[in-house]
Amino acid sequence: MCIFIFRLRAVAQCALMLPTILDAIDCYRTDLLSEAPFWRGHLPFAGVIVAALRPRRIVELGVQHGDSLFTFAEAMRRYGAADGTVLGIDAWEGDAHVGVQQDWVHARVASRAVQFPNVRLVRSRFEDALAEIPNESIDLIHLDGGHAEQDVREDLAAALPKLAPKGVILMHDITAFCGGFGVFTVWQELAAAHPNMAFAHSAGLGLLCPKGVNTDVEPMLEDAVLMPRLFAALGHRVLLANSTPDQIARAEKIGRIPAPPGFTPSAALEKAMVSARW
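Residues numbered from 1 in each chain as written. Predicted model: local features only at pLDDT ≥ 70, side-chain atom pairs only at ≥ 80, totals over all residues. Heavy atoms only, no water.

Engineer: Looking at this structure, how should I read the overall build of the protein chain?
Structural biologist: Along the protein chain, the regular secondary structure elements total 11 helices and 9 strands. Relative to the 2.2 N^0.38 estimate, which gives 19 Å for 278 residues, the radius of gyration of the protein chain is 17 Å and therefore close to what a compact globule would have. C-alpha extents for the protein chain along the principal axes are approximately 60 × 45 × 35 Å. Classification of the 278 residues of the protein chain by burial places 55% in the buried group. The contacts in the protein chain between residues at least 6 apart in sequence include a share of 78% that link residues at least 24 apart. Carbon and sulfur atoms make up 57% of the accessible area of the protein chain, which totals about 12,100 Å². (Helix = DSSP H or I, 4+ residues; strand = E, 2+ residues; numbered from the N terminus. Rg over C-alpha atoms; globule rule 2.2 N^0.38 Å. Buried < 20%, exposed > 50% of the residue type's maximum accessible area, 1.4 Å probe, protein only. Contact = heavy atoms within 4.5 Å. Areas by Shrake-Rupley, 256 points an atom, 1.4 Å probe, with all protein chains shown as cover.)

And the structure:
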């Protein structure tokens, strides 16, 4: 009976969020999408989390082609504080997983960023740029830099002091079980210690609340099955509608890579992997 009541409460809370979800899922700009499809499945959720948080400051660590950054920027324009800012930090040097980044990648992102008065790009290493930001001043941090385990740990250590109370951290690639990727290892530890929600599709995205839970984000955490299914379906439609066959194949291929032997996902991630991994 208790489980049934809890489930009804979770469904009711999610239903209350439906107007926000329907309003915010289209914040992505199709004309600004790059050739990299791996974040495409999370574009609808990017708008929704910004609409729920209504942040003053968003910081993205690892911009690369800018798909997620520009979606955050459009959502900030619609739902964030009037003086809200989106800071994109990247050295645009590349790494072992994405290869060497050519200067034209940064130049293209910079040329598109001028369309968003609320966006500022910083070409720098994360720790240097974060040192200039006051502690506890960032409402949403998107962590998508180096994907080796040690890189993720170092980036997280630098970012955590900057997160505001009841702020949110998003971590991409938590279900990318490719050679050398270690995001999932760090995510497992964090998920065991803090309120969280996980999506298994589109290489995986984890939402972490290490400094308390915002009341407008709490309903999302109440149902570890409904939310992943909903946003996996929405994200897949975005992928199919805005990608070439080759891009679709590249994005879906990650979902077919098995987890390493001995891997035991967190409770939320396990449910997400069962319901929607692609």
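Next comes the rest of the account.
Engineer: Looking at this structure, how should I read the nonpolar core?
Structural biologist: Nonpolar side chains in soluble globular proteins tend to end up buried together. With 48 residues, the main nonpolar core has F45, I49, F72, L140, L170, L207 and M220 as its most contacted residues. For this core, the leading source of residues is helix α2 (residues 43–53), giving 9 residues. Leave out the neighbours within four places in its chain, and F45 touches L170, M197, F199, L205, L207, M220 and F231. A129, L130, V152 and A198 belong to the second-largest nonpolar core, a separate cluster that totals 34 residues. (Core = buried A, V, L, I, M, F, W, Y, C linked by side-chain atoms within 4.5 Å.)

Engineer: Would you take a moment to explain the environment of L143 for this structure?
Structural biologist: Looking at the secondary structure, you find L143 in strand β6 (residues 138–143). Relative accessible area serves as the criterion here: at 7%, L143 is assigned to the buried category. For the pair formed by L143 and R125, sequence separation is 18 residues and the distance between their alpha carbons is 13 Å. L143 has contacts with L61, V152, D155, L156, L170, M171 and H172, leaving out every residue within four places of it along the chain.

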